[in-house]
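Structural overview
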Amino acid sequence: MISTGLTDFAVGFILLGILRPGYGLDNGLALTPPMGWMTWERFRCETNCKDYPDECISEKLIRDTADMMVSEGYADAGYEYVIVDDCWLSHKRDSDGRLQADPDRFPNGIKALADYVHAKGLKFGIYEDIGTYTCMGYPGVDGHHEIDAQTFADWGVDYVKMDACYTSHINVSEAFPDFGRALNKTGRPIVFSCSWPTALEKPINFEPIKQHCNLWRNNGDISDDWGMVKAIIRHFAGEQDNYAPLAGPGHWNDPDMLVIGNYQLSLEQSKVQMAIWAILAAPLLMSTDLRNVYPEYKAVLQNERVIAVSQDVLGIQGRRIIEDTKNHLHVWTRPVTPVVGEEYSYAIAFWSYRNDGNPHTFKISLKDAGLTNPTGYSVEDLFGDDKFEVTDPSVELKVRITPYGVVLYKATPVSSKANFTQVK
Ligand SMILES: *[C@@H]1O[C@H](CO)[C@@H](O)[C@H](O)[C@H]1NC(C)=O
Ligand SMILES: *[C@@H]1O[C@H](CO)[C@@H](O)[C@H](O)[C@H]1NC(C)=O
C-alpha cells in the first residue's frame, strides 16, 4: 500500500510560509539547526575520574573534545557547540547562592573552561534543570532564575539545555518562559534548548514553546540503539503535521543527539540517522568519543553535502511523504535551496527497512516523491558519487538500497531542456 501525504505536505508548506515571520524566540540565534557535541548519550553521569579519567564528566573531557573538534575537522564541517550535560555541578551552591561546578572534576571552574573552548573558535554550552534538581539529583534552577542566568552569562555560556525533571510542584509553562526572560535580561545571546514538552500532558500546544525556545525536545532520551533511532524516526513521521510547521530559522524540533560513532549503529544505520536528521532540520549534536571514531563513521558525521541539507537556509523541516508498507520503503523529502524559478530543490531520502540480505532495487519516480518540475532535475547521490539528470519527473528510477540502509539524493530543478547532457 502506497499512501502519499502530498496534499497535507502542500498545505503545511503554505501555512509555514505564512506563519513564519516573527513567530519564534527573537534572540538572533540558531538560524540554522545548532551543530555541536554533547556529553549525555555517550558519557552519561560517570563521575569516577580516578578509574575512568578519560570518560568522567570533567574539564579534561571537555577540553579534549574541543581539541578534537578542531584537529579532526569537525569544526570545519560546521560543528560548533561543546555542551556539558548533567553531572557537572557541585551538590551545593556557593555562599552567595550561585551554582558552582564540582571542584574535583572542574578544578579551574566553568569560566576558565568556557574561555578554553572559545579560544578554539568554538562555543560552550551547559545543562541545567527547571525543577528543584537535575535529573541526576544536582541543584536545579527553581527559585534562582535570575542569579543562575546571570551566572551562565558571566561564565560565557553560549547555549543552555534546560531539562524538566523534578517539576511536579511547578508550572513549567510559566517557568520556562521566565528563565528565558532571565537569559534575555543578561544581554548575552544564549541559545535556549528546552525539554519543556517532556513535562506536559498530550496534546501539547507547541506555540508558546516555539516563542520562548530555540529548540525543544519532542521525545524521550535517545540511547545507543538502532531500535530507538527507528522509533524516533517513526515518531517524527507520525507527528509531522504537528511538528513540521513549527520548525524554521531560530526555532527547531529536537529528536535528540546523533549516536553515530558509538557501539551500536552499523555504518548503514549511521547514514540513516544522519540523512533523516538532516531532512528533519534537526540539531546535529554528536554524542560520541571524538578521540575514538572510526574513519568511516567520521566521514558520515562530516559529510559536507548532507550537512548542507541540514543547514539549508530556508529552514523547512522535511516530511515522510511515502510509506510503502508492502516494499518496506519510506520516502522523505525536504525542500531546500537553490530555488530555481518557482521550483524548490529537494533532499530525498529513500529509507528501506527490508532486512533480507541483499540490496534491493526500488522502482520509483521523482513525481511519486512529489517532485513535479516539468523540465526535470539534476540529481546527486549525497553519500555516493552518482550524478545524473532526469528530464521527465515521471520517469521511473531504480534506487538500490542496502538492508536497513538509505539513499539520499539532492534534486535541483533544471530550467530548460537545453541544459541536459545525460538522461537516466
Ligand atoms: C500553567 O501556566 C499556563 C501559562 O500561564 C496557564 O495557561 C496554565 O493554566 C497553568 N496551569 C496550571 C495547572 O495552573
Ligand atoms: C531580548 O529580547 C528582545 C525582544 O524579543 C530581542 O530583541 C533581543 O535581541 C533579546 N536579547 C537577547 C540577548 O537575547
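About the criteria used
- Residues numbered from 1 in each chain as written.
- Chains lettered and ligands numbered in written order.
- Predicted model: local features only at pLDDT ≥ 70, side-chain atom pairs only at ≥ 80, totals over all residues.
- Heavy atoms only, no water.
- Domains from an automatic or database assignment.
- Contact = heavy atoms within 4.5 Å.
- Buried area = accessible area lost by both parts, 1.4 Å probe.
- Salt bridge = Lys/Arg side-chain N within 4 Å of Asp/Glu carboxyl O.
- Polar contact = N/O pair within 3.5 Å; in protein donor to acceptor, adjacent residues only side chain to side chain.
- Helix = DSSP H or I, 4+ residues; strand = E, 2+ residues; numbered from the N terminus.
- Nonpolar A, V, L, I, M, F, W, Y, C, P; charged D, E, K, R; others polar.
- Buried < 20%, exposed > 50% of the residue type's maximum accessible area, 1.4 Å probe, protein only.
- Axes fitted to C-alpha atoms, helices over the stretch in contact; angles between N-to-C directions.
- Parallel < 35°, antiparallel > 145°, perpendicular 65-115°, else oblique.
- Left-handed = near helix turned anticlockwise from the far one by under 90°.
- Disulfide = S-S within 2.5 Å.

Looking now at the domain arrangement of the chain. Parsing the chain into structural domains produces domain 1 (21-310) and domain 2 (319-413). Taken over C-alpha atoms, the centre of domain 1 sits 31 Å from the centre of domain 2. Each side of the interface is counted separately: domain 1 has 27 residues, and domain 2 has 22 residues. For the pair domain 1 and domain 2, the summed buried surface comes to about 2200 Å²; carbon and sulfur atoms form 64% of the total. A salt bridge links Glu380 to Arg305, with the nearest nitrogen and oxygen atoms 2.8 Å apart. The tally of links between domain 1 and domain 2 comes to 12 residue pairs in polar contact (both at pLDDT 80 or more). Taken together, the elements giving at least two residues each to the side of domain 1 that touches domain 2 come down to helix H9 (226-238), helix H10 (240-243), helix H11 (267-279) and helix H13 (304-310). For the side of domain 1 that touches domain 2, the element with the most residues is H11, which contributes 9 residues. Residue composition of the side of domain 1 that touches domain 2, by class: 17 nonpolar, 4 polar and 6 charged.

This part is about the side chain of Gln269. Within the secondary structure, Gln269 sits in helix H11. The exposure class of Gln269 is buried, given its relative accessible area of 14%. A polar atom in the side chain of Gln269 sits 2.9 Å from the backbone nitrogen of Ser266. When sequence neighbours within four positions are dropped, the list of residues in contact with Gln269 reads Trp226, Gln264 and Tyr404.

Attention now moves to the packing of helix H6 (residues 145-155) against helix H7 (residues 172-186). Orientation of H6 relative to H7, taken along the N-to-C sense of each, is 45°, at an axis distance of 8 Å. The orientation of H6 relative to H7 falls into the category oblique. Handedness of the crossing formed by H6 with H7: right-handed. Mapping the contact onto sequence places His145, Glu146, Asp148, Ala149, Gln150, Phe152 and Ala153 in H6 and Ala175, Asp178, Phe179, Ala182, Leu183, Lys185 and Thr186 in H7. Looking at the contact of H6 with H7 residue by residue, the classes come out as 7 nonpolar, 3 polar and 4 charged.

A separate point is the state of the cysteines. Applying the stated criterion to the full structure yields 4 disulfides. Through a disulfide, Cys45 is tied to Cys87; the S-S separation comes to 1.9 Å. Every disulfide takes its handedness from the sign of the S-S torsion; for Cys45 and Cys87 that torsion is -110°, giving left-handed. Remark: Cys87 occurs in the loop between strand E3 (81-84) and helix H5 (109-119) and Cys45 occurs in the loop between helix H2 (40-43) and helix H3 (59-71); sequence separation between them is 42 residues. Residue classification places Cys45 among the partly exposed positions, given a relative accessible area of 22%. Between Cys49 and Cys56 runs a disulfide, and the two sulfur atoms are separated by 2.0 Å. Between Cys49 and Cys56, the disulfide has an S-S torsion of 105° and is therefore right-handed. Cys56 sits in the buried class, given a relative accessible area of 1%. Here the cysteine-cysteine linkages of the chain are recorded as 1-4, 2-3, 5-6, 7-8, numbering only bonded cysteines and doing so in sequence order.

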